[in-house]
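Fold and contact review
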Amino acid sequence: MKIRIITSLFMLSLLMLATVSMQTYAAKSTSPIGNYFIIDSAGTDQTYKLSFKPNNQVIVSGDFKVSAQWQWQPQQQIMAQLSQPQNQFEIQLSENETYIHQLTGLSFNSKTQQQSPYTQHLQVWHKETQEVVDTYTISGEAVLVKQRQLKRWQSQLVNKTWEIANIDEVTHSDTPWFKSNSSASVTFHDKGTGIVQHWDNTQSDLTWKLKGKKLILNYQRNNEPMKVVLRVFEYIDDIGLRFVAKHVNKESKQAKWISGYMIEKQDVALTYEQIIGQWRKASGRFHDYYPDQIAVASVANTASKWELNHLGQLVREKLEHPEQGVVLNCPDNSCYVSCEFFYELLAKKGNTLYVAHHFSSEFYPQGPLKMQGKWILKIEYDEEFGIQDFSRNIFSNTPMTLEYEAQKEAYVFSRFPDENGEVVNRVKSPAGTGTFSFIEGNLHTLINQQENIFEITKFARDGLSVCQYQPGESCATGRQAVFKFAHDAGPYPAAN
């Protein structure tokens, strides 16, 4: 009994100490007041406006506007709990089974002007039974910015054409459930006039003006008046900027907060020399574009054919086989194009390319290809192909075959979120199912409590030469093997 009492008192002391520490931190920290923005920096352009009020109240706005209660958490984190869940999207599995994914809160770092992790908290609401059936989180990287930290307009707009991200929206009359943000091409004339060219090549007359830190655009879209108020988040050399903006449909009164790139179109076009090499996106995904006009996604995934069309656009096609899935070369006459990807060069600074990217895709197998949206991508170009080590992730749901001493073993590496939204690295092999990780540029697998280390010794388009060894050993004493890729692109240069 005495031990239990002492243990209980010890735990109570720890709890009181933690509470006092949190109260001390909150007292010493300046509570945020005024307007802030959470701007996703991982390429999704997700944006939230936060209007902090007294008594730990905050108004959260995205494509909604709702009150929330916020509180301090450890490591200078803020947790904002929405007063009402906000619908994000819904999935109907059957007539009586509809699931609505709802945002319930946000947690983020309170430091401004620096990239930090942030988390969106969501729940899954069963529409028919009116109950929560699951909760999960989505983690990302974002920058928290005070509204007063936004910059004044310095760019010369007149007589120039700019690609502006996310101010347009793609819809299809025969697919009413679909909508997607899209960039638009905007030409500014003097005297506050101009032209907006939309994703479908239609045009709208534009009126615009600068007012303090705001660039205000007014135009008609599908006979509905639109207003976009842009503020500068950061400048990008002399070619453009990143912005945060409020987009308002003045007819329906619907408003949403957006962010993205605004890039001045330079008098440039893609050339074969600018394409051949490796293109890396901010998300970490990359493509290798080879001189024989084969493109490979993240060295180990799908392969496709590419070309430079008469408009100066890089074009890739996704060729689908009804049974085999994505293929490079069709084994029979049953294949069809399920996606088309287009890349147009907007501006170039050193090895950094800013491109307008759009793609068309089917909504159902072998259906017509429909525009899915248009975005601005920042691409880092490298003339070298492939990877030299495992410091960059190349896996999504990736099959490879380990070949050694006339033996072949099938591996599948996958990276998918678990029920808590955290990405889990799983590997399946003849020895069983386990996990994998990247440590100091090497691939580590742990299957049935047996750890193996794979170190790259040579890259080729059709596979990775590796040495395989166990902890405590080295590459010099390890087994030589090759991880063969499944994309059928073959070696480059092609074997004679």
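Scroll up to find the structure.
So, a few notes on the structure that sits alongside this text. Note that this is a predicted model, so its numbers are computed, not measured.

1. Considerations on the overall build of the protein chain
Regarding its fold elements, the protein chain presents two helices and 33 strands. Summarising its shape, the C-alpha atoms of the protein chain cover approximately 85 × 70 × 50 Å along the three principal directions. The burial tally for the protein chain puts 46% of its 496 residues in the buried class. Within the protein chain, contacts between residues separated by at least 24 positions form 45% of all contacts whose residues are at least 6 apart in sequence. Total accessible area on the protein chain is roughly 26,300 Å²; 48% of this is exposed by carbon and sulfur atoms. Computing the positive centroid from 48 side-chain charges and the negative centroid from 52, the protein chain places the two 12 Å apart.

2. Brief notes about a positive patch on the surface
On the surface, a cluster of positive charge is made up of Lys-53, Lys-65, Lys-209, Lys-211, Lys-214, Lys-227, Lys-246, Lys-250 and Lys-253. Among the structural elements, Lys-227 can be located in strand E14 (residues 224-236).

3. Concerning the nonpolar core
Within the largest apolar cluster, 31 residues are counted, with the highest numbers of intra-cluster contacts made by Ile-394, Phe-413, Leu-464 and Phe-483. Taken together, the elements giving at least two residues each to this core come down to strand E19 (294-297), strand E26 (397-404), strand E27 (407-417), strand E30 (442-447), strand E31 (450-460), strand E32 (463-469) and strand E33 (479-485). Discounting residues that sit within four places of it in the chain, Phe-483 has contacts with Met-400, Thr-401, Leu-402, Tyr-411, Phe-413, Leu-443, Phe-454, Asp-462, Gly-463, Leu-464 and Val-466. Counting residues in each nonpolar core, the second largest holds 25 residues, with Tyr-36, Trp-72, Leu-103 and Leu-122 among its members.

4. Focus on the state of the cysteines
Defined simply, a disulfide is a covalent bond joining two cysteines at their sulfur atoms. Here the structure, examined in full by the defined rule, presents two disulfides. The disulfide partner of Cys-330 is Cys-335, and the S-S distance across this bridge is 2.1 Å. What sets the handedness of the Cys-330 and Cys-335 disulfide is the S-S torsion sign, and at about 90° it is right-handed. With a relative accessible area of 19%, Cys-335 lands in the buried category. The disulfide partner of Cys-467 is Cys-475, and the S-S distance across this bridge is 1.9 Å. As the torsion about the S-S bond is roughly -120°, the Cys-467-Cys-475 disulfide counts as left-handed. Taken as a pair, Cys-467 and Cys-475 share a single burial class, namely buried. The disulfide pattern of the protein chain is 1-2, 3-4 when the bonded cysteines are numbered in sequence order. With no disulfide partner, Cys-339 has as its closest neighbouring cysteine sulfur the one in Cys-335, 14 Å distant.

5. As for the pairing of strand E10 (residues 175-188)
As paired elements, strand E9 (residues 160-172) and E10 share ten bridges and run antiparallel to each other. Across the sheet, residue His-172 finds its bridge partner in E10, namely Thr-175. The hairpin formed by E9 and E10 contains two residues between the paired strands. As defined by bridge partners, E10 adjoins strand E11 (residues 193-197) across four bridges and the pair is classed as antiparallel. From the neighbouring strand, Ser-185 faces E11, where its bridge partner is Gln-197. Following E10, the chain reverses through four residues before pairing antiparallel with E11; Lys-191 in that reversal takes a positive phi of roughly 60°.

6. Thoughts on the sheet that holds strand E7 (residues 115-126)
Around the barrel, eight strands lie side by side as E1-E2-E3-E4-E5-E6-E7-E8; this closed barrel has antiparallel pairing. The sheet shows a mean angle of 35° between the axes of neighbouring strands, direction not considered. Relative to strand E8 (residues 131-146), strand E1 (residues 34-40) runs antiparallel, the two being bridged by five bridges. Residue Asp-40 lies in a different strand from E8, and its bridge partner there is Ala-142.

7. Concerning the sheet that holds E26
Around the barrel, which closes on itself, the eight strands sit in the order E26-E27-E28-E29-E30-E31-E32-E33 with antiparallel pairing between neighbours. Each strand of the sheet is rotated relative to its neighbour by a mean of 35°, with strand direction disregarded. Pairing of E27 with strand E28 (residues 423-429) involves six bridges; the strand directions are antiparallel. Across the sheet, the residue bridging to Phe-416 is Val-424, located in E28.

8. A closer look at the pattern of salt bridges
Side-chain pairs of opposite charge can arise where the charged atoms are in close proximity. Scanning the model with the defined rule gives twelve salt bridges in all. Here Lys-370 ties to Asp-174 by a salt bridge, and the two come within 3.1 Å at their closest N and O atoms. In this pair, Lys-370 is assigned in strand E25 (residues 370-382) and Asp-174 in the loop between E9 and E10, connecting sequence segments 196 residues apart. Assessed through its relative accessible area of 18%, Lys-370 is described here as buried.

9. With respect to the packing of aromatic side chains
All chains considered together, the criterion is met by 29 aromatic pairs. Judged by centre distance (4.4 Å) and plane angle (10°), the rings of Phe-395 and Phe-413 are stacked. Remark: Phe-413 occurs in strand E27 and Phe-395 occurs in the loop between E25 and E26; sequence separation between them is 18 residues. A single burial state applies to Phe-395 and to Phe-413, both of which are buried. Feature note: the residues Phe-390, Phe-395, Tyr-411, Phe-413, Phe-436, Phe-438, Phe-454 and Phe-483 constitute an aromatic cluster, connected by ring pairs. In this arrangement the basic side chain of Arg-392 is found over the ring face of Phe-286, its NZ or CZ atom lying 4.5 Å from the centre. We note Arg-479 situated over the ring of Tyr-404; from NZ or CZ to the ring centre the distance is 3.6 Å.

About the criteria used
Residues numbered from 1 in each chain as written. Predicted model: local features only at pLDDT ≥ 70, side-chain atom pairs only at ≥ 80, totals over all residues. Heavy atoms only, no water. Helix = DSSP H or I, 4+ residues; strand = E, 2+ residues; numbered from the N terminus. Buried < 20%, exposed > 50% of the residue type's maximum accessible area, 1.4 Å probe, protein only. Contact = heavy atoms within 4.5 Å. Areas by Shrake-Rupley, 256 points an atom, 1.4 Å probe, with all protein chains shown as cover. Lys, Arg positive; Asp, Glu negative; His and termini not counted. Charge placed at Lys NZ, Arg CZ, Asp CG, Glu CD. Patch = residues over 30% accessible without salt bridge, like charges linked within 9 Å, V, L, I, M, F, W, Y side chains within 5 Å. Salt bridge = Lys/Arg side-chain N within 4 Å of Asp/Glu carboxyl O. Core = buried A, V, L, I, M, F, W, Y, C linked by side-chain atoms within 4.5 Å. Disulfide = S-S within 2.5 Å. Pairing = 2+ DSSP bridges. Axes fitted to C-alpha atoms, helices over the stretch in contact; angles between N-to-C directions. Phe/Tyr/Trp six-rings, centres within 6.5 Å; stacked < 30°, edge-to-face > 60°. Lys NZ or Arg CZ within 6 Å of the ring centre and 35° of its normal.

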